[in-house]
Amino acid sequence: MGHVLILDSDSAHAAELAHRLQAASCRTTVCSERQQACDILRKQQVDIAILVSDSATDWKSSAKWLRYAVSHLQDTPQFVCVLRGPYQGPSERLYGTRHGMRVIYENK
């Protein structure tokens, strides 16, 4: 498949997600900090960047920051935001769509 970058501050959750993606023949890179993710996105070709967030508000600033950091690249990855917090209604998905990101809610 492709190269997937996972940005997740929960190391156990990130490891499980990486394991499942690797089982589906994806190459994965896991990081826990925004700056580390941006450095990887600038240096390596990434097909999909997954941002995992427990916070319904924090993910927006992180997602915008990551998108801005790679905006000058010729091949930008697809962005997926996985929200682990409680469902906030359709506004989160609409926000993601407006900014070129797919938003998925994960059931805990």
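Residues numbered from 1 in each chain as written. Predicted model: local features only at pLDDT ≥ 70, side-chain atom pairs only at ≥ 80, totals over all residues. Heavy atoms only, no water.

Draft legend 1. Up close: the pattern of salt bridges. Following the criterion strictly, the structure yields six salt bridges and no others. As a salt-bridge pair, glutamate 16 and arginine 20 come within 2.7 Å of each other at their nearest N and O atoms. One end of the pair, glutamate 16, and the other, arginine 20, are both in helix H1 (residues 11-23), four residues apart, so they sit about a helical turn from each other. What makes arginine 20 exposed here is its relative accessible area of 57%. For aspartate 39, the salt bridge is made with arginine 42, and the minimal N-O distance between the two is 3.8 Å. Linking aspartate 39 with arginine 42, this pair stays in helix H2 (residues 34-43), spanning three residues, or about one helical turn. Its relative accessible area of 30% is what places aspartate 39 among the partly exposed residues. Linked through salt bridges whose partners overlap, the residues forming this network are Asp10, Asp54, Arg84 and Glu106. (Salt bridge = Lys/Arg side-chain N within 4 Å of Asp/Glu carboxyl O. Helix = DSSP H or I, 4+ residues; strand = E, 2+ residues; numbered from the N terminus. Buried < 20%, exposed > 50% of the residue type's maximum accessible area, 1.4 Å probe, protein only.)

Draft legend 2. Focus on unusual backbone geometry. Here serine 25, not a glycine, exhibits a phi torsion of approximately 70°, which is positive. Position of serine 25 among the secondary structure elements: in the loop between H1 and strand E2 (27-31). Judged by its relative accessible area of 53%, serine 25 is exposed.

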